[in-house]
Amino acid sequence: MEVTCLLLLALIPFHCRGQGVYAPAQAQIAHAGQACVVKEDNISERVYTIREGDTLMLQCLVTGHPRPQVRWTKTAGSASDKFQETSVFNETLRIERIARTQGGRYYCKAENGVGVPAIKSIRVDVQYLDEPVLTVHQTVSDVRGNFYQEKTVFLRCTVNSNPPARFIWKRGSDTLSHSQDNGVDIYEPLYTQGETKVLKLKNLRPQDYASYTCQVSVRNVCGIPDKAITFRLTNTTAPPALKLSVNETLVVNPGENVTVQCLLTGGDPLPQLQWSHGPGPLPLGALAQGGTLSIPSVQARDSGYYNCTATNNVGNPAKKTVNLLVRSMKNATFQITPDVIKESENIQLGQDLKLSCHVDAVPQEKVTYQWFKNGKPARMSKRLLVTRNDPELPAVTSSLELIDLHFSDYGTYLCMASFPGAPVPDLSVEVNISSETVPPTISVPKGRAVVTVREGSPAELQCEVRGKPRPPVLWSRVDKEAALLPSGLLLEETPDGKLRLERVSRDMSGTYRCQTARYNGFNVRPREAQVQLNVQFPPEVEPSSQDVRQALGRPVLLRCSLLRGSPQRIASAVWRFKGQLLPPPPVVPAAAEAPDHAELRLDALTRDSSGSYECSVSNDVGSATCLFQVSAKAYSPEFYFDTPNPTRSHKLSKNYSYVLQWTQREPDAVDPVLNYRLSVRQLNQHNAMVKAIPVRRVEKGQLLEYILTDLRVPHSYEIRLTPYTTFGAGDMASRIIHYTEPINSPNLSDNTCHFEDEKICGYTQDLTDNFDWTRQNALTQNPKRSPNTGPPTDISGTPEGYYMFIETSRPRELGDRARLVSPLYNASAKFYCVSFFYHMYGKHIGSLNLLVRSRNKGALDTHAWSLSGNKGNVWQQAHVPISPSGPFQIIFEGVRGSGYLGDIAIDDVTLKKGECPRKQMDPNKGARQGGVGERSLGRTWGSGCLRGGNDVSVTV
């Protein structure tokens, strides 16, 4: 039998198409997620409306050959939206739990290298409704703490929503409006954030003391329910009022336990209290309980502003702030100003000299300074003055001025800073004044002006400071404006003049400036020097990897080019073939002068010289490798995805055929393709069928076609296609083909709807009936379904086969109807025949009706066929003649009977032109024939249409 099948295949005629089919990309956006509505607005813009928290799914449907690549991008969204920072390279864009900030315009860009890219867009409108906020206010002139009569009160209701919300005000259960109550005014204020409606109660009356409800609605768009908030207004309603248990500025010593109480002095309803800290959160270990804030063992880092806020949605929130200052001192520094009038930078006898002392303290103004000379307190005189808050120096700085410097003024001066009576250690700084006290100089040690290191190694930049005293050295970048140092600082202090860098990188290369600081030394113009840092790094080459194709016998030139590196030159280049060292190629004199690439030439490509080549390029710091895969094998085929109606189903047999089309990528780059090896494997199965398909000369852009037959409905298959040349096997291409039932096919007689595809051939559920038809098979049946009713399988008898049925269990009731409506067909013949299989088994079976809906003038439904009652546990076939007068639809109507044992099913619906057959086919016989067809699947599953050939060989 197998030989017979092979002979039959050899006799199947070939069909081929030779025109070029390369075409630019085209795109269209379709939605497949939880959209509320997709509409065209008044400027013909597509708008996709979705509820916040639902799943957004957009599909970019593309055509064009080769198959276009799709990229999704977005604009008009929040800056925090991560989707803007990265693109999605996929035909389907899926966003789980979409947020309002992700609304905006989404673009799909499809490109395949042919023509210009196709760009389509759709605007996504995210719908949401937040909880409303209701606040109560009183006219400023009337604020006296409480809401007495003859006062005007404003109830402000604010909500964030999309689309804009509708507001409804209620007093108790009664809706309020202008026309019903003269004491009520409802309006929308200007310049408010969010949507706001104000209910104004003019001159409060006794009846105005009541419960008020603000109800907001987006009119159930996207199924978003209304939301509401209620406030009870009484004659005691009042805004919050606060007082603190401590002063607004609280100065404490480190280590103390701090407790601050925020006391309510008014407010109805009872206000809520909250503590906050600025900047940053509350300190670790702090406890805020009600209005009491406790900070154990307070430290200097805990200083800052602590805010107590009381809110009850009446008036403005009440706020009290405590400025907590924890006593501390750090960073004691000094400055020597050799000439107060700044005419000289050296200390000279007979001119004025100023010594300055500063510490960073909290609180700064509470610091006291004391000066000592040679260990004894310095005594004030006409020639020795101590001043505070010098305008040329930081705030709260102490200065000691020596007028008309004498030799006797030389000595050691000490400045001591302290907090009187506080357990904070004193800080002191010492400076020596003598004839040896001279301003600083700075220089770079010999041989250290240029520092060259390798990437990843440590580096040390050094500047030497001379002078007495020696000030700190400040480092910064020179060649990059506002560039940060590796430490992340703009300016970095080093006490010994050495800037130490760990694991330098190439971006650290450049010029660095070292300069003397104006503190802990002379208060004079800074001295500067510069150091150049050169970071050497291994070369970067291109191509890092390249696939080189060439026909056998033709020459091949391989080039490895240096992109960047330090030093920027090739010191050596080594070629290897399949890991074995090759002799050095001859050096071209011009290339030897500026070696920025390395070349290898193959005079004629052979099978033996095909393989992996690598070029290792070095610049004495490191090396990089170019990889070349050289061969004469053919490129992969390019599957054609735009075949019109590639799937063709076959009546009764539950088999289908598929038109497989492809082009050959760059066929002239290598030797001519001699044949293709085609492999077909059903998904979730291990065995595959393999065929060799011979071809003649294949041209670029030529569309090749092969028809796969006897594929089983509704299974999907993996297709693998490999070209063969004289060199051998080329690159394989694979794709998955799926069974898709036809929708509103132009030739109705060619197609039968088996309901195997989720699209159910374009049939839809009627929105005016009581319940829906259900698609299922034996594998998806509910294991708890009602016994003694409904079919065990579809008409083919296979567990995978689908059918449509009505479930008549609760909550269904007698007379409930389910309608399944076909696509709209254009009447091109006088008579049609509707053929279908039905299964009506169960003692409570109701009715199955076939209706024809005419679309000539409006929609008119007429009964064409009806059947009622139990017909046994078998599939049976019906042929119903119809004669529509214009465009029409067919409707299957299932009617629930008297009980739950009344499931009705249909399958294999065919609509064809002409009259119906006179003799009914036995449905059970048809099912058995389908089974035979499936069992023969492994023997006859394909036919070919390629140019010029007439032999097909099959290997299993």
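Remember, predicted model here, so these are calculated numbers, not experimental data.

Peer 1: Please set out the environment of Ser161 residue by residue, giving values where relevant.
Peer 2: Looking at the secondary structure, you find Ser161 in strand β11 (residues 161-162). According to the relative accessible area criterion, Ser161 is buried, its value standing at 10%. Each residue touching Ser161, except ones within four places of it in the same chain, is listed here: Tyr128, Leu129, Glu195 and Val218. One polar contact links the side chain of Ser161 to the main-chain carbonyl oxygen of Pro163, over a distance of 2.9 Å. Here the side chain of Ser161 touches Glu195 through a polar contact of 2.5 Å, side chain to side chain.

Peer 1: Quick one: what's the story with the pairing of strand β16 (residues 211-217), residue by residue and with numbers?
Peer 2: Of all the seven residues making up β16, six are buried; the element is thus mostly covered by neighbouring parts of the structure. Note that strand β12 (residues 166-171) and β16 share six bridges and pair antiparallel. When the bridges of β16 are listed, Arg166 appears paired with Ser217. The sheet contact formed by β16 and strand β17 (residues 227-232) spans six bridges and is antiparallel. Residue pairing for β17: Tyr212 is matched across the bridge by Phe231.

Peer 1: Explain a nonpolar patch on the surface to me, using residue names and the numbers behind them.
Peer 2: Together, Met380, Leu385 and Val386 make up an exposed nonpolar region whose accessible area comes to about 240 Å². By secondary structure assignment, the location of Leu385 is in strand β30 (residues 384-388).

Peer 1: Give a detailed account of the state of the cysteines, specifying residues and quantitative values.
Peer 2: Applying the stated criterion to the full structure yields eight disulfides. Across the disulfide, Cys463 is cross-linked to Cys514 (sulfur-sulfur distance 2.0 Å). Handedness here is read from the sign of the S-S torsion; for Cys463 and Cys514, about -80°, the answer is left-handed. Highlighted residues: Cys463 in the loop between β36 (459-462) and β37 (464-468) and Cys514 in strand β41 (residues 510-516), separated in sequence by 51 residues. Using a relative accessible area of 0% as the deciding quantity, one classes Cys514 as buried. Between the sulfur atoms of Cys833 and its disulfide partner Cys916 the distance amounts to 2.1 Å. Here the S-S torsion is close to 110°, and the disulfide linking Cys833 with Cys916 is therefore right-handed. Here Cys916 lies in the loop between β70 (904-913) and α3 (923-935) and Cys833 lies in strand β65 (residues 832-840), a separation of 83 residues in the sequence. Comparing Cys833 with Cys916, the two get one shared label, buried. As a non-bridged cysteine, Cys615 has Cys560 as the owner of its nearest cysteine sulfur, 4.2 Å distant. Note on Cys615: relative accessible area 0%, which makes it buried.

Conventions adopted
- Residues numbered from 1 in each chain as written.
- Predicted model: local features only at pLDDT ≥ 70, side-chain atom pairs only at ≥ 80, totals over all residues.
- Heavy atoms only, no water.
- Helix = DSSP H or I, 4+ residues; strand = E, 2+ residues; numbered from the N terminus.
- Buried < 20%, exposed > 50% of the residue type's maximum accessible area, 1.4 Å probe, protein only.
- Contact = heavy atoms within 4.5 Å.
- Polar contact = N/O pair within 3.5 Å; in protein donor to acceptor, adjacent residues only side chain to side chain.
- Pairing = 2+ DSSP bridges.
- Patch = residues over 30% accessible without salt bridge, like charges linked within 9 Å, V, L, I, M, F, W, Y side chains within 5 Å.
- Areas by Shrake-Rupley, 256 points an atom, 1.4 Å probe, with all protein chains shown as cover.
- Salt bridge = Lys/Arg side-chain N within 4 Å of Asp/Glu carboxyl O.
- Disulfide = S-S within 2.5 Å.

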